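Read off the chains here:
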Amino acid sequence: MTAQRASSFLTAELAKFASAPPLAYRDVALLGRPDRRFTLTLRFGEVVAAIGDENSGIEVLGTLALGLAAPTAGTVEVFGLPIAELSYYDLLVFRRRLGYLPQGDGLLQNLSLRDNVALPVRFATDHRLREVDAKVAQLVEDFRLRAIAGLRPAQANEEDRRRAAAARAVALDPKLVVLELPFVGLSGRAAMDLLERVSRSEEGGRRAVLLTSRDLTPSVRGLVSRVVRVVDGVAVEDEK
Amino acid sequence: MRAVRAAARLTRAGRWVMLRVLINQIRFTALQAIVLVSFLAAILAFLVISQSIRQLGRFGAIDNLGTIMVVAVIRELGPLLTALIVVSRSGTAIAAEMATNRVMGEVTALEAMGIDPYIYLVLPRMLGAIVSVATLMVVFDAVALTSGYVAAATNGMSLNRYTSIVLRTLSAGDVWLTLAKGVFFGAAVALFCSYHGLAVKAGPTEIPQAVTRGVVATIVAIFIMSAVFVVIAS
């Protein structure tokens, strides 16, 4: 299926599910064990933190939401579509509606931080080069990257890299953002600042955000709508 | 094929980014290898022609010099040596870069952004390798013909004689054959090295193994293709 056909197919499919939640895990076996199922539904504008220890299952929440891996049991629906059933090219087009900050940062090492931020805008939109540059300049400004935008990831510190990866994640103004362990190595203030910027949409509204973390600092907790504790692949606590 | 099909789906700015990657690839693969290719072409042609003149002269078969120059150097050794230089310089770099991209999670990050890694990583390298190998083969041939003349002149042959002997054997078909080999050998360098680089799964320790596998597979493919070209051309 070509990108244009895939795009119009997805637009038609998504129109059917206009009222569907941005992200829903339904009886998903996160650890591959059929007796341990995970269920979680995200609403628009909601920031949900899934916290858990190593091997609790939170490690795969991001890859399942992006369709980078398929669940062995259960379904993951994004904007109402069972994402594991989409073909490779449908998935590529579909993922442009989502923001994703992978564990670490996933920045391309041979590109500057600015070029990393520009990558999705250049490849996933049909903007003119001038429009792309203006959009990227705005993102660089918003995420306080101007002074270090020309550096390669290896030359920047962890906080700057994470901010660049976050800017890249929201470059296409997605309605849903998935952040994998975004606060590792960051101070509480930097973590709060990162989450505040990621959860705010371009029109000033709130994005739906799913973040995974080992734990949350009190400052970050103040920005989170719900905290879901995951143990052995099951949501054991869901506090508002 | 997937990379070529994917090219039709590029956005305007995406095409510009790909062009930049392509130019960088050509600069590294062709431009930075010109001196080495020219040097080896000059030495090889000088040695082959010097030895041939001496040996053929003993049998009064000096007119066969053109056949040796065109068949051995231009048709066979030139493309092979050029491709081997590109494999050793750029093939290793491509395989190592792809493997690093995979290990660092950059390939997954590209897919997560909705960017086809075959468009961004493989296609520009394939086009760059094709253009570079074809260009380097032409450079190799030009330098080899010039160096062959120097060797002939030092053994007492005039420019007119050398030119007429070589041109008697050289045909337009040799030019097309060189370009065809450039396309196939260049594609082989990029595709085999990319494939083995992207196939890495375990971690950084697998990178050198992937490079070795990519280079060995490319060399084998190039020799097999050379044999196929001989069969087709005959």
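Residues numbered from 1 in each chain as written. Chains lettered and ligands numbered in written order. Predicted model: local features only at pLDDT ≥ 70, side-chain atom pairs only at ≥ 80, totals over all residues.

Considering the overall build of chain A
Part 1: The helix and strand inventory of chain A stands at eight helices and 10 strands.
Part 2: The C-alpha radius of gyration computed for chain A amounts to 17 Å, which stays within 12% of the reference 18 Å derived for 240 residues, consistent with globular compactness.
Part 3: Counting contacts in chain A only where the partners sit at least 6 residues apart, residues at least 24 apart contribute 72% of the total. (Helix = DSSP H or I, 4+ residues; strand = E, 2+ residues; numbered from the N terminus. Rg over C-alpha atoms; globule rule 2.2 N^0.38 Å. Contact = placed C-beta atoms within 7 Å.)

Concerning the overall build of chain B
Part 1: In terms of regular secondary structure, chain B is built from nine helices and zero strands.
Part 2: Counting from the amino terminus, helix and strand elements in chain B follow one another as α-α-α-α-α-α-α-α-α.
Part 3: Taken along its principal axes, the extent of the C-alpha atoms in chain B is 70 × 40 × 30 Å.
Part 4: Counting the 234 residues in chain B, one finds 45% classified as buried.
Part 5: Sequence-distant contacts, at least 24 apart, represent 86% of the contacts inside chain B between residues at least 6 apart. (Buried ≥ 20, exposed ≤ 12 C-beta atoms within 10 Å, placed from the backbone.)

Re the sheet that holds strand S5 (residues 81-82) of chain A
All names here are of chain A.
Part 1: Within the open sheet, the four strands sit side by side as S2-S1-S4-S5. Their pairing is antiparallel. Of all the strands in the sheet, just strand S2 (38-42) and S5 have a single pairing partner and so form its edges.
Part 2: Sheet analysis places strand S1 (residues 23-28) next to strand S4 (residues 75-78), joined by four bridges and oriented antiparallel. Within the sheet, the bridge partner assigned to Arg26 lies in S4 and is Thr75. (Pairing = 2+ DSSP bridges.)

Structural notes on the nonpolar core
Part 1: A:Leu210, B:Val133 and B:Val189 are the most contacted members of the largest nonpolar core, which totals 141 residues.
Part 2: Considering every element that reaches this core, the biggest residue donor is helix H6 (residues 117-154) of chain B, with 20 residues.
Part 3: Once residues within four sequence positions are removed from consideration, B:Val189 is found in contact with B:Ala83, B:Val86, B:Val87, B:Ser90, B:Gly91, B:Ala129, B:Val133 and B:Thr218. (Core = buried A, V, L, I, M, F, W, Y, C linked by C-beta atoms within 7 Å.)

Considerations on the pairing of S1(A)
Part 1: Sheet topology note: the S1(A)/S2(A) ladder contains four bridges and is antiparallel. Paired with A:Val28 across the strands is A:Phe38, a residue of S2(A).

Looking at the interface of chain A and chain B
Part 1: On the side of chain B, 18 residues touch chain A, which itself brings 25 residues to the contact.
Part 2: Broken down by secondary-structure element, the contributors of at least two residues to the side of chain A that touches chain B are helix H3 (88-95), helix H4 (113-124) and helix H5 (129-142) of chain A.
Part 3: Per-element accounting of the side of chain A that touches chain B gives the leading share, five residues, to H4(A).
Part 4: For the side of chain A that touches chain B, a count of residues per class yields 14 nonpolar, six polar and five charged. (Nonpolar A, V, L, I, M, F, W, Y, C, P; charged D, E, K, R; others polar.)

Looking at the environment of A:Pro71
Residue and element names in this part refer to chain A.
Part 1: Its location among the elements puts Pro71 in the loop between helix H2 (61-66) and S4.
Part 2: The class of Pro71 is buried, set by 21 C-beta atoms lying within 10 Å.
Part 3: As a C-alpha pair, Pro71 and Gln109 span 38 residues in sequence and 30 Å in three-dimensional space.
Part 4: Setting aside residues up to four positions removed in sequence, Pro71 forms contacts with Val28, Ala29, Leu64, Val76 and Ala84.

Some thoughts on the confidence of the model for chain A
Part 1: Per-residue confidence for chain A averages 88 on the pLDDT scale, and 92% of its residues sit at or above 70.
Part 2: The least confident element of chain A is helix H1 (residues 3-16) of chain A, whose mean pLDDT is 59; the most confident is strand S7 (residues 176-179) of chain A, at 95. (pLDDT = per-residue confidence, 0-100.)

What to know about helix H4 (residues 65-103) of chain B
Part 1: Considering bend angle alone, the principal kink of H4(B) is centred on B:Leu77 and spans about 45°; proline B:Pro79 follows within four residues of it.
Part 2: Phi turns positive, to about 80°, at B:Gly105, one or two residues after H4(B). (Bend = angle between axes of the 7 residues up to and from the residue.)

Here we look at helix H7 (residues 188-199) of chain A
Residues and elements named next belong to chain A.
Part 1: Between its terminal C-alpha atoms H7 stretches 16 Å, which fits the 16 Å expected from 12 residues at 1.5 Å a residue.
Part 2: All of the buried residues along H7 are Ala191, Leu194, Leu195, Val198 and Ser199. The arc that holds the buried residues of H7, viewed along the axis, is 115°, so those residues lie on one side. Exposed side of H7, more than 90 degrees from the buried face: Arg189 and Glu196 are the residues found there.
Part 3: Buried residues in H7 make contact with strand S3 (47-51), helix H6 (158-169), S7, strand S8 (208-213) and helix H8 (218-221). (Expected span 1.5 Å × (residues − 1). Arc of directions from axis to C-beta.)

Here we look at the packing of H4(B) against helix H9 (residues 207-233) of chain B
All names here are of chain B.
Part 1: Two elements in contact, H4 and H9, have axes separated by 8 Å at closest approach and are oriented at 150°. On the basis of the axis angle, H4 is roughly antiparallel to H9. Judged by the sense of rotation from one axis to the other, the crossing of H4 with H9 is right-handed. For the pair H4 and H9, contact is made by Glu76, Leu80, Ala83, Leu84, Val87, Gly91, Thr92, Ala95, Ala96, Ala99, Thr100 and Val103 and by Ile207, Ala210, Val211, Gly214, Val215, Thr218, Ile219, Ile222 and Ser226, respectively.
Part 2: Here the residues of the contact of H4 with H9 are counted per class, giving 14 nonpolar, six polar and one charged. (Axes fitted to C-alpha atoms, helices over the stretch in contact; angles between N-to-C directions. Parallel < 35°, antiparallel > 145°, perpendicular 65-115°, else oblique. Left-handed = near helix turned anticlockwise from the far one by under 90°.)

Brief notes about the packing of H6(B) against helix H8 (residues 172-198) of chain B
All names here are of chain B.
Part 1: Their axes nearest at 7 Å, the elements H6 and H8 cross at an angle of 140°. The orientation of H6 relative to H8 falls into the category oblique. Where H6 crosses over H8, the handedness of that crossing is right-handed. Contact residues: Val122, Arg125, Met126, Ala129, Ile130, Ser132, Val133, Ala134, Met137, Val138 and Asp141 in H6; Thr178, Leu179, Lys181, Gly182, Val183, Phe185, Gly186, Ala187, Val189, Ala190, Leu191 and Ser194 in H8.

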